[in-house]
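Single-letter residue listing:
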Amino acid sequence: MSDLGVPELLAETEEQQAATGGRRMVLNMGPQHPSTHGVLRLLLELDGENIASCVPDIGFLHTGIEKEFEVKNYQQAVTLTDRVDYLAPLSNNLGYCLAVEKLLQLEIPPQAQWMRVLLAELTRLNSHLVWLGTHALDIGAMSVFLYCFREREEILKIFEMFSGQRMMTSYFRIGGLALEPPRGWQDRVKRFLAIFPSRIDEYENLLTNNRIWLGRTKGVGFISLEDMLDLGITGPMLRGAGLKIDTRKDAPYSSYEKFDFEVPTQTANDVFARYQVRIEEMRQSTRIITQALEGMPAGPWKADAPHVVLPDREKMKTQMEALIYHFKIVTEGFRVPQGEVFQVIESPRGELGYYIVSEGTTKPYRVHMRTPSFGNLQAVPRMVEGTLIADVIAAIGSMDFVLGDTDR
Amino acid sequence: MLPDNLKEYPVAAAVEAFDADAVTGGKFEFSELTLEILASKISSVCGFLKYDQKFIRLSTVTAVDRFPAEPRFELVYHLHSIDRNERLRLKARISGADPVIESVTGVWRSANWYEREVFDLFGVRFTNHPDLRRILMPDDWEGHPLRKDYPITGTRV
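Residues numbered from 1 in each chain as written. Chains lettered and ligands numbered in written order. Predicted model: local features only at pLDDT ≥ 70, side-chain atom pairs only at ≥ 80, totals over all residues. Heavy atoms only, no water.

J.: For this particular structure, what's the right way to read the sheet that holds strand β2 (residues 41-47) of chain A?
T.: Either a parallel or an antiparallel arrangement is found when strands of a sheet pair, and the pairing is made through backbone hydrogen bonds. Residue and element names in this part refer to chain A. The strand order β1-β2-β3 describes an open sheet built from three strands, whose pairing is antiparallel. Among the strands making up the open sheet, the edge pair consists of β1 (24-29) and β3 (50-57). The average angle at which neighbouring strand axes cross in this sheet is 20°, direction not considered. Across six bridges, β1 lies against β2 in antiparallel orientation. The residue of β2 that forms the bridge with R24 is D47. The sheet strands contacting helix α17 (residues 389-397) are β1, β2 and β3, and the helix crosses β2 at an angle near 150°. (Pairing = 2+ DSSP bridges. Helix = DSSP H or I, 4+ residues; strand = E, 2+ residues; numbered from the N terminus. Axes fitted to C-alpha atoms, helices over the stretch in contact; angles between N-to-C directions. Contact = heavy atoms within 4.5 Å.)

Spelled out as structure tokens, the structure:
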């Protein structure tokens, strides 16, 4: 048993074998299982079709990003944050930039803040669309996947228009945005907003009253609210259990307090409730994007802090001082005052926190990411033990984790 | 000793009232409250904060390596109270020669994986932990990657 990598706690003792008549078997689900969306390995001990115990095994995608932070200067490290949660890169950019800006005590101009909100909400839509498509695909609804990726493509095109990249955008930088918003971005976003609400109805038409969907999701994946809080679950999972918790409301950042939106909740606390919560979140995100588009303030899109923010190309070529700042920032980076901060934001998956320790140099002394997927995955055994093996896929799908986010 | 300027914060005052010896320092910076706790008292202080002060969520546990300074490791706990809408950071320092601290898994079950991560990447051992194994690195890995004396590139030495 141990040469299969099966931990001792799963290995059946002789007494247990005698008690169960040797009926129990260990099934190795993953790390290449298509429905685990990455490289999650679940060791399941089965009694017939029932799961007697479950041990998650993670770390297959560990890339040492936290170590990498310590040798990059602050601005370079923005590109690392994209790669943590590759389905919500801008949320991670935002969390990291806000944390460093807190240490620097930088004032971010309104246009940059609103643009960040707009793009962070588009990221939420992007992430929820991938979740809905793949989650439905796992349960057997093929066409939803194609519908979702059709709209996701539009969102990726908007990201490409802003940053030149579809996924690893790195569009938020410390002090504001990486580039000036492109000409004509409003029309592009408007066109998307014109079609998207009816497309959400389309997904709902396919699923919400679908008997197979209801059969596979209602009453599946239950875990009590107390267990959730104790095991570190955050985000839409908690809202599906009736707890109205959302960092955008509880501790607003990047001027979220100026937007009018609801925090959807459901009380059933099963896979279907989480599906309803995320669908409603997509509608609320659409509302936020509409408000950001209509009320977008004019003005600068990066902070007035020459020692942190790169100067305009034009100024750099004509003014000596700007050239010096440019040279200093590019070669050495900027110094961040000594201190430590923990900045929490609401990522599509839940509570995303960046803990940064600065020693007053140009590189972070230590960066720790409190990622929602890591916290959520810990509760998998509590959620699936005692249920049927066929429900494991629906249950873990409803958590919406990303393995890059888990293993970092 | 709790610094005088922190006495106005109810949580800080409550922790001091609960166990005055446990608090060794603290600060309030960037609107974030930090309390430094004696390493041997971490579990009892966490229990008090959870059951008496409503910090029902443990957001994360991590560590900072201050190599070559002593005490070498800083254990950092981020707590969250939903009722009070407050966050709190606890810090405990332990020596590099024998990095051991009591586990808080008895208070919050979510500490399980976070402490395994700290064990894996920093080599800090937790007593009374139910399942202290490596979590991110392979089981047969040598060394602890997030220690400051661990190289970032090249072959392991």
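After that view, the rundown keeps rolling.
J.: Can you help me understand the packing of aromatic side chains in this one?
T.: Centre distance and the angle of the planes are the two values used to describe a pair of aromatic rings. Taken as a whole and assessed by the stated rule, the structure comprises 19 aromatic pairs over all chains. Considering the side-chain rings of A:Y253 and A:Y256, the 5.1 Å spacing of their centres and the 70° angle between planes classify their relative orientation as edge-to-face. On the basis of relative accessibility, which here comes to 5%, the residue A:Y253 falls in the buried class. Look at A:Y256 and you get buried, because its relative accessible area is 1%. In this structure an aromatic cluster arises from ring pairing among A:W114, A:Y253, A:Y256, A:F259 and A:F261. The lysine or arginine in question, A:R408, covers the ring of A:F374, its NZ or CZ lying 5.2 Å from the ring centre. The residue whose ring lies beneath B:K148 is A:Y365, and the NZ or CZ to ring-centre distance is 3.9 Å. (Phe/Tyr/Trp six-rings, centres within 6.5 Å; stacked < 30°, edge-to-face > 60°. Buried < 20%, exposed > 50% of the residue type's maximum accessible area, 1.4 Å probe, protein only. Lys NZ or Arg CZ within 6 Å of the ring centre and 35° of its normal.)

J.: Please explain the pairing of strand β5 (residues 86-94) of chain B as it appears in this structure.
T.: One face of the sheet, then the other: side chains in a regular strand alternate in exactly this way. Residues and elements named next belong to chain B. Taken together, the three bridges between strand β2 (residues 32-37) and β5 define a ladder with parallel strand orientation. Its bridge partner being in β5, T34 is matched across the sheet by R89. Pairing analysis gives nine bridges linking strand β4 (residues 73-81) to β5, with the strands arranged antiparallel. Opposite L75, over in β5, you have A92 as the bridge partner. The turn joining β4 and β5, which pair antiparallel and follow one another in sequence, is formed by four residues; a positive phi near 55° is taken by N85.

J.: In this structure, what is going on with the nonpolar core? I would like to understand it.
T.: Soluble globular proteins tend to bury their nonpolar side chains together. Counting 84 residues, the largest nonpolar core has A:Y96, A:L119, A:L122, A:L132 and A:I174 as the members making the most contacts within it. Those residues in contact with A:L119 that sit more than four places away from it in its chain are A:L90, A:F159, A:F162, A:Y171 and A:F172. Among the nonpolar cores identified, the runner-up in size contains 77 residues, and A:F401, B:L90, B:I94 and B:Y114 belong to it. (Core = buried A, V, L, I, M, F, W, Y, C linked by side-chain atoms within 4.5 Å.)

J.: Would you explain a nonpolar patch on the surface in this entry?
T.: On the surface, A:M320, A:L323 and A:I324 cluster together to form a nonpolar patch covering roughly 290 Å² of accessible area. Examined against the element boundaries, A:L323 turns out to sit in helix α14 (residues 320-331). (Patch = residues over 30% accessible without salt bridge, like charges linked within 9 Å, V, L, I, M, F, W, Y side chains within 5 Å. Areas by Shrake-Rupley, 256 points an atom, 1.4 Å probe, with all protein chains shown as cover. Salt bridge = Lys/Arg side-chain N within 4 Å of Asp/Glu carboxyl O.)

J.: How should I be thinking about the pairing of strand β1 (residues 23-29) of chain B in this particular structure?
T.: Taken together, the six bridges between β1(B) and β2(B) define a ladder with antiparallel strand orientation. Note on β2(B): the bridge partner recorded for B:V23 is B:I37.

J.: So what exactly am I meant to see when it comes to the side chain of B:R57 here?
T.: Considering the arrangement of structural elements, one finds B:R57 in strand β3 (residues 57-65). Here the side chain of B:R57 touches A:E351 through a polar contact of 2.9 Å, side chain to side chain. Separated by 2.8 Å, the side chains of B:R57 and B:H80 make a polar contact. In this view, B:R57 contacts A:L229, A:T234, A:E351, A:R370, B:L79, B:H80, B:I82 and B:W108; residues no more than four positions away in its chain are not counted. (Polar contact = N/O pair within 3.5 Å; in protein donor to acceptor, adjacent residues only side chain to side chain.)

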